Each structure stands twice: as structure tokens, then as C-alpha cells.
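# Results of the structural survey
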Amino acid sequence: MIEAQETDTVLMLRRLKNTSRVFQNKVAEEVQQMESSKGQDFQFSDVAHLVNGKRGRQAEEDGDADGGIWTAGQVIGLIHSIPTCQEVINGMVKEAEETIQIRLASMVVVPRSRL
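Read on for a plain summary of the structure.

Criteria and thresholds
- Residues numbered from 1 in each chain as written.
- Predicted model: local features only at pLDDT ≥ 70, side-chain atom pairs only at ≥ 80, totals over all residues.
- Heavy atoms only, no water.
- Patch = residues over 30% accessible without salt bridge, like charges linked within 9 Å, V, L, I, M, F, W, Y side chains within 5 Å.
- Areas by Shrake-Rupley, 256 points an atom, 1.4 Å probe, with all protein chains shown as cover.
- Salt bridge = Lys/Arg side-chain N within 4 Å of Asp/Glu carboxyl O.
- Lys, Arg positive; Asp, Glu negative; His and termini not counted.
- Charge placed at Lys NZ, Arg CZ, Asp CG, Glu CD.
- Helix = DSSP H or I, 4+ residues; strand = E, 2+ residues; numbered from the N terminus.
- Buried < 20%, exposed > 50% of the residue type's maximum accessible area, 1.4 Å probe, protein only.
- Core = buried A, V, L, I, M, F, W, Y, C linked by side-chain atoms within 4.5 Å.
- Contact = heavy atoms within 4.5 Å.
- Polar contact = N/O pair within 3.5 Å; in protein donor to acceptor, adjacent residues only side chain to side chain.

## Quick look at a negative patch on the surface
Negative charge collects at one region of the surface, where E29, E60, E61, D62, D64 and D66 lie side by side. It is helix 3 (residues 53–62) that contributes the most residues to the negative patch, three residues altogether. Residue D62 is classed as exposed on the basis of its relative accessible area of 53%.

Dropping the structure here:
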């Protein structure tokens, strides 16, 4: 997923008016091929065995990116790392502190000592 580009997704099931954007893998390509070759005769039952949730869950459990379909938007091309929750929070805090110090410095009130 980290190496993916925004062009690594495909639209499928358009003929059924149930369009889904998914990551382009072997299963998605097979679904597209069936949809294209059958034309107006294409039915969900033609690909149900490929796109059912059970197959996708099993592929996820097995770590098999080509074992099922998985929904992915074009934003997949913007993912460059998979940080931990702690790293995300630390980054947000750091960014907030920098914003306050640089952009909002004139608004920061430093308490005065009463001594």
C-alpha cells in the first residue's frame, strides 16, 4: 500500500450501477475482465465468488493482497508511511506547538510573577 500510486485503483461493477473503487490487484482485474467480456449480460452472480466479504476477510487474515478485493480511494497515492498512534499524536502536538510559537506568538500571554 505504501508504494501504491493514485492510479493503482480501478472502478468495478459499474454496469450494475453499484460502482466501487478498489485497489487494482489480480481479483479486481479478473472482475473487470468478466464485466467487460459479458457486456450487458453481466450479472453480480458472475463475480459474487470473487467479491464476497468472506473471501476478502480470509485474504486479509492471510496477508494476501491479491486474494480478494479491498476498497481503496485515489488517496492511496498519498500514503507514504504507517505511523503508530503515538507517532501521530506526537506529530500533531509538535505541529500545534510550532503553530502557536510561530504564527500565534503575539497572542500568547505569559503569566507574570506576583512576587
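## Some thoughts on the nonpolar core
Soluble globular proteins: nonpolar side chains tend toward being buried together. Grouped together as the largest cluster of nonpolar side chains are twelve residues: V10, M12, L13, V22, V27, A28, V31, M34, F42, V47, L50 and V51. When residues in this core are grouped by element, the largest group, four residues, is from helix 1 (residues 26–38). Setting aside its immediate chain neighbours within four residues, M12 contacts N18, T19, S20, V22, V31, E35, V51 and I69.

## Here's the deal with the side chain of T9
You can see T9 is positioned in strand 1 (residues 9–12). Since its relative accessible area comes to 9%, T9 is described here as buried. Side chain to side chain, T9 and R21 meet in a polar contact 2.9 Å long. Setting aside residues up to four positions removed in sequence, T9 forms contacts with R21, V22, F23, Q24, A72, G73, Q74 and I76.

## Observations concerning helix 3
Little of helix 3 is tucked away: one of the ten residues are buried. For helix 3, the side-chain oxygen to backbone nitrogen distance between the N-cap and K54 is 3.3 Å, and the N-cap itself is N52. With its phi angle positive at about 70 degrees, G63 sits one or two positions after the end of helix 3.

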